[in-house]
Protein chains: 4
Amino acid sequence: MPPRVVTVGARVIDLNCDVGEGFGSWRMGPDEALLRIVSSANVACGFHGGDPSWMRRTCDAAIAGGVAIGAHVGFPDLAGFGRRHLEMSVPELTDAVLYQIGALDAFARTGGDRVRYVKPHGALYHAAAQREDHAAAVVAAVGEFDAELAVVAPPGSRLLVAAAAAGLAAAAEGFADRAYTADGGLMPRSQPGAVLTDPDAIGRQAVALAEDTAGGPADAVGTLCVHSDTPGAERVARAVRAALERAGFTVAAFTAVPAAP
Amino acid sequence: MPPRVVTVGARVIDLNCDVGEGFGSWRMGPDEALLRIVSSANVACGFHGGDPSWMRRTCDAAIAGGVAIGAHVGFPDLAGFGRRHLEMSVPELTDAVLYQIGALDAFARTGGDRVRYVKPHGALYHAAAQREDHAAAVVAAVGEFDAELAVVAPPGSRLLVAAAAAGLAAAAEGFADRAYTADGGLMPRSQPGAVLTDPDAIGRQAVALAEDTAGGPADAVGTLCVHSDTPGAERVARAVRAALERAGFTVAAFTAVPAAP
Amino acid sequence: MPPRVVTVGARVIDLNCDVGEGFGSWRMGPDEALLRIVSSANVACGFHGGDPSWMRRTCDAAIAGGVAIGAHVGFPDLAGFGRRHLEMSVPELTDAVLYQIGALDAFARTGGDRVRYVKPHGALYHAAAQREDHAAAVVAAVGEFDAELAVVAPPGSRLLVAAAAAGLAAAAEGFADRAYTADGGLMPRSQPGAVLTDPDAIGRQAVALAEDTAGGPADAVGTLCVHSDTPGAERVARAVRAALERAGFTVAAFTAVPAAP
Amino acid sequence: MPPRVVTVGARVIDLNCDVGEGFGSWRMGPDEALLRIVSSANVACGFHGGDPSWMRRTCDAAIAGGVAIGAHVGFPDLAGFGRRHLEMSVPELTDAVLYQIGALDAFARTGGDRVRYVKPHGALYHAAAQREDHAAAVVAAVGEFDAELAVVAPPGSRLLVAAAAAGLAAAAEGFADRAYTADGGLMPRSQPGAVLTDPDAIGRQAVALAEDTAGGPADAVGTLCVHSDTPGAERVARAVRAALERAGFTVAAFTAVPAAP
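All values derive from a computational prediction rather than experimental measurement.

Another point: the overall build of chain A. Each helix and strand in chain A was counted, giving eight helices and eight strands. Over its C-alpha trace chain A gives a radius of gyration of 17 Å, about what one expects of a compact globule, namely 18 Å for 261 residues. Each of the 261 residues in chain A was classed as buried or not, and the buried ones make up 57%. Partitioning the contacts of chain A with sequence separation of at least 6, the portion at a separation of at least 24 is 74%. In the structure as shown, chain A presents an accessible area of about 9,800 Å², 55% of it carried by carbon and sulfur atoms. Separation of charge centres in chain A, based on 21 positive and 29 negative side chains, amounts to 6 Å.

In structure tokens form, the structure reads like this:
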């Protein structure tokens, strides 16, 4: 089943979360439940989490639920879950990202769909947001694999700029459970109130981010991330989706929305 | 550059060898030299050898030389170079093979070509030849990825039978440097004379295998393997090719030869 | 704190369980709770589970609770959690086991104790029980590292025989939650009733095994395994310990009991 | 055979090189030849190179030749050969270093010797030289394992300072094939003449460094590194040793020289 098609003109927002991050006998988040709530699934590709069998199960479940599949590419560091920066060269990183996209796409196609977008994971997400070389490597790999793929990155990040410069579709990502500063940046985790835990507050934050998007600038948020590895992840994700729908939004994969002319 | 097209009716034989089996800073065979001699390249996919950057370099070199790219899929065992049997379940093995094909295909396509065939490596080569479950897993993964891909396996093996039963193209593989028994099996390595080392003898053996093929049964040898990890690998490969050409054979990728009607 | 010393003449039984089997961000069993119940801890050494930081945390917790530390050595197969047979040669396997014991001992000694015994994990447990070559490799590694270390293996297994022949201390292991056949073997999992799930039944089984030990033959059970990776593992372990204590047994590390003269 | 004991008062210098850096079927340097030339062997421990069987072979060969064994500890990054920085926390790094020392020591002791010193490899060598946190992690692990172990680090590095502050023996390391600046630092590789390739020039450089040591300050060079992974490594190592001996130096393991009172 392909991602849901969105009526043009509708107030639409995408919800994404990380899934398929188990490894062999080890599990991570409540994938099955989350895949019934979100519209886009960032599927781990075996470098920071996931393995071939997790990838098949996760792709199959995403496709069955009409959830768009994204390649959640990371540094090759299972022991560190991709959260530790690894100083790879641009060619090494380009090749590592291309490898992961290709491997995941095999499972997506076997299930009848394909990879729709790429979102870096963990330390690579931060590195590609802040460093031109890492952003360039991710963009190069995506462009080589399929220039129709979109990229997910933080608003104002180097990755978003590099993707746009290369002609790739890109979606700026907001976090429903993180407080923002007045200038639009994430409040550092070290500050009180930086991480929201109350489902109602998270729901309000999600709606506020989605409202900005509806009338927003070019890099306004196009997809909202709900975390999968925090306690109560499923409950929070439900609250976010319910709040968005009460506010009149349709939750749908951003990759299924036709780009504006 | 695509694999060379072969004139119908010509005496044609394929030469394949294993390449791209380095890992990070470690090298294995004389890839560059061998890719100027053979017509098909079995490219390691990161499970028993190879890594994303080796895969790119190897695919690029194969494509530049007009050599067909095959996925050399193995058990996930870098420390053992894929030569130790790992008791994977059929679903696990199917997923592991599919992952490797997908990853390699990304590099082949980036270079302008695509994966043309699959040849299991090491312990998986032997397991898929002898066991129905392992043969079924390899065939399932190939069929899921692309039913146009061919499979390389020993004559009379379960893998060859399973591939044919599934409607996949398949090529039986001969070894130019191994002695054969009267009934067509490989002479066990423990017997004297089982492994040929004299280039002239290896050349004669190659021609004999190719002659059988020209008028042979359905599972006659369609591709000859020259080893890449033995001393003098390059010299032996050159001798094999020269002997075949002197005997009137054209060396060309078996995947480029139109299947008989 | 060293393992508790047991009064000679007491009815004593050891309870062991697998701990430290997380890997990086992934968790496995309820280690903290189990380490308050058992007397011997089989600590994963990084090959099938565990990593350096898990090993430190687990050794520290075991030592703090007076629980004896055993090296839970496995095949190098994180993706398969050590449950898939890997056909290693005797020298390879010997070296792999020695490596794991040495690494774990560094953490045990840093915490003020040392490795007391070795118990193979998963597929290696079964292989060393049934195959002489694998049993020989485990025994060789243990003997090389420290001939004072004990070995844990199934009653009647090749590993138990090989350990005894090499002069190593050894303990036969029983399973409180598995049904036994009349001749003392484990009932195959495929048969109804093979796996006990009722805590009371498991407690009775534990007491029966311990009673046999008290007056039993040379390879009577000396240590009982409680599983850590099944639902309700903590509750079952508590039930087993309570049943043993009600029956008059002292639960203590078998490595702390002086060998009979 | 223990490391050679050095007569007090003699002009003595240590030659070290990296060995055991193969992995499975892959080889790296000419270990056997180098172990007949140097006095100290930095043995890879499985994280950047090496595996249990390489470790046994390398320890056995070092011990047979009277060469002191050092733990060549690295970041867990086989694909990058430990040459890429991995941003590990201090506890993670401490645990990773302790694990590697413990594993190697098991092989050294099986051969009748033990690990004598620790030298970080590649990116960890540079990180521990420049960053206090990484230096602290290495020193903590060494101290935990055995406070008699020495540490090898560049002159003036944070690791050398931290080791001294912790009461560990330490040896400053010079490079016979690298040009030095007037203030004692390594000339950057980007400058012409930074890397010496002429064996005679390398020999003269080695003697100059050793002469400085004989009458030098506290962090004068105590061990000279000869590379194992460059073309002609064996020939260069021979030239260095011959030049030192012609200049009246005895080549001997620094860990075998009694510390000054």
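Attention now goes to the side chain of Arg56(D). Take Arg56(D): it is sitting in helix 2 (residues 52-64). Reaching out from Arg56(D), the side chain makes a polar contact with the side chain of Asp95(C) at a distance of 2.4 Å. Each residue touching Arg56(D), except ones within four places of it in the same chain, is listed here: Thr94(C), Asp95(C), Leu98(C), Glu144(C), Phe107(D) and Thr110(D).

Turning next to the pattern of salt bridges. Following the criterion strictly, the structure yields 64 salt bridges over all chains and no others. We note a salt bridge from Asp229(B) to Arg83(B), for which the minimum N-O separation is 2.6 Å. Placement of Asp229(B) in the loop between strand 7 (221-225) and helix 8 (233-246) and of Arg83(B) in the loop between strand 3 (68-73) and helix 3 (90-110) is noted, with a sequence separation of 146 residues between them. Taking relative accessible area as the criterion, Asp229(B) reaches 33% and is therefore assigned partly exposed. Across the salt bridge formed by Glu144(D) and Arg56(C), the nearest N and O atoms sit 2.7 Å from each other.

Turning to the state of the cysteines, a few remarks are in order. Tallied over the entire structure, the rule returns zero disulfides over all chains. With no disulfide of its own, Cys59(A) lies 8.3 Å from the sulfur of Cys45(A), the closest cysteine sulfur. Cys17(B) provides the cysteine sulfur closest to Cys225(B), a residue in no disulfide bond, and the two sulfurs are 7.3 Å apart. Of the residues examined, Cys225(B) reaches a relative accessible area of 3% and is grouped as buried.

This next bit is on the interface of chain B and chain A. Every contact between the two is made by 21 residues of chain B and, on the other side, 21 residues of chain A. Between chain B and chain A the total buried area reaches about 1,600 Å² when both faces are included, carbon and sulfur atoms providing 60% of it. Considering only the surface of chain B that becomes buried against chain A, Arg56(B), Asp95(B) and Tyr99(B) emerge as the three largest contributors, covering 38% of it. The interface formed by chain B and chain A holds four salt bridges in total. Summed over the shared surface of chain B and chain A, the result is eight residue pairs in polar contact (both at pLDDT 80 or more). Going through the elements one at a time, helix 2 (52-64), helix 3 and helix 5 (132-145) of chain B are the ones with two or more residues in the side of chain B that touches chain A. It is helix 3 of chain B that contributes the most residues to the side of chain B that touches chain A, twelve residues altogether.

For the pair chain D and chain B, the best superposition has an RMSD of 0.0 Å and corresponds to a rotation of 180 degrees with a translation of 0.0 Å parallel to the axis. A rotation of that kind, with that shift, is consistent with a two-fold axis. Among all residues of chain D, the minimum C-alpha distance to the rotation axis is found for Trp26(D), at 3.0 Å.

This part takes up the relation of the copies chain B and chain A. When chain B is brought onto chain A, the operation consists of a screw motion whose angular component is 180 degrees and whose axial shift is 0.0 Å, with 0.0 Å RMSD remaining. Of the residues that chain B buries at the interface, 100% are likewise interface residues in chain A, meaning the two copies contact each other through the same surface.

Below, the discussion takes up the interface of chain D and chain B. Frequently, the measure chosen for interface size is the accessible area that the parts lose on association. Taken together, the 14 residues of chain D in the interface contact 14 residues of chain B. Of the roughly 1,000 Å² buried where chain D meets chain B, counting both sides, 70% is carbon and sulfur surface. Broken down residue by residue, the surface that chain D buries against chain B is led by Phe23(D), Ser25(D) and Trp26(D), which jointly contribute 59%. For the interface between chain D and chain B, the tally reads zero salt bridges. Here chain D and chain B share two residue pairs in polar contact (both at pLDDT 80 or more) between them. Its residues assigned to classes, the side of chain D that touches chain B comprises six nonpolar, five polar and three charged.

Turning our attention to the environment of Asp14(C). Residues and elements named next belong to chain C. If you trace the backbone, Asp14 turns up in strand 1 (residues 12-19). Sequence-wise, Asp14 and Val221 are 207 residues apart; in three dimensions their C-alpha atoms are separated by 9.4 Å. Within the structure, the side chain of Asp14 is placed 2.9 Å from the side chain of Ser40, a separation counted as a polar contact. At 2.7 Å, the side chain of Asp14 and the side chain of Thr223 are in polar contact.

This part covers the nonpolar core. The biggest cluster of nonpolar side chains holds 278 residues, and the ones touching the most others in it are Leu244(A), Leu244(B), Leu244(C) and Leu244(D). Once residues within four sequence positions are removed from consideration, Leu244(D) is found in contact with Ile13(D), Leu15(D), Ala206(D), Val207(D), Ala210(D), Leu224(D), Phe249(D) and Val251(D).

Turning to the packing of aromatic side chains, a few remarks are in order. Applying the stated criterion to the full structure yields 28 aromatic pairs over all chains. Arranged with centres 6.4 Å apart and planes meeting at 85 degrees, the rings of Tyr125(C) and Phe175(C) form a pair that is edge-to-face. Of the two residues, Tyr125(C) sits in helix 4 (residues 122-130) while Phe175(C) sits in strand 6 (residues 170-175), which places them 50 residues apart along the sequence. Classification of Phe175(C) as buried rests on a relative accessible area of 11%. Put simply, the rings of Phe23(A), Trp26(A), Phe81(A), Phe23(C), Trp26(C) and Phe81(C) touch in pairs and so form one group of aromatic residues. Over the aromatic face of Phe249(B) sits the side chain of Arg11(B), whose NZ or CZ is 4.2 Å from the ring centroid.

Procedures and definitions
- Residues numbered from 1 in each chain as written.
- Chains lettered and ligands numbered in written order.
- Predicted model: local features only at pLDDT ≥ 70, side-chain atom pairs only at ≥ 80, totals over all residues.
- Heavy atoms only, no water.
- Helix = DSSP H or I, 4+ residues; strand = E, 2+ residues; numbered from the N terminus.
- Rg over C-alpha atoms; globule rule 2.2 N^0.38 Å.
- Buried < 20%, exposed > 50% of the residue type's maximum accessible area, 1.4 Å probe, protein only.
- Contact = heavy atoms within 4.5 Å.
- Areas by Shrake-Rupley, 256 points an atom, 1.4 Å probe, with all protein chains shown as cover.
- Lys, Arg positive; Asp, Glu negative; His and termini not counted.
- Charge placed at Lys NZ, Arg CZ, Asp CG, Glu CD.
- Polar contact = N/O pair within 3.5 Å; in protein donor to acceptor, adjacent residues only side chain to side chain.
- Salt bridge = Lys/Arg side-chain N within 4 Å of Asp/Glu carboxyl O.
- Disulfide = S-S within 2.5 Å.
- Buried area = accessible area lost by both parts, 1.4 Å probe.
- Least-squares fit on C-alpha atoms with pLDDT ≥ 70 in both.
- Nonpolar A, V, L, I, M, F, W, Y, C, P; charged D, E, K, R; others polar.
- Core = buried A, V, L, I, M, F, W, Y, C linked by side-chain atoms within 4.5 Å.
- Phe/Tyr/Trp six-rings, centres within 6.5 Å; stacked < 30°, edge-to-face > 60°.
- Lys NZ or Arg CZ within 6 Å of the ring centre and 35° of its normal.

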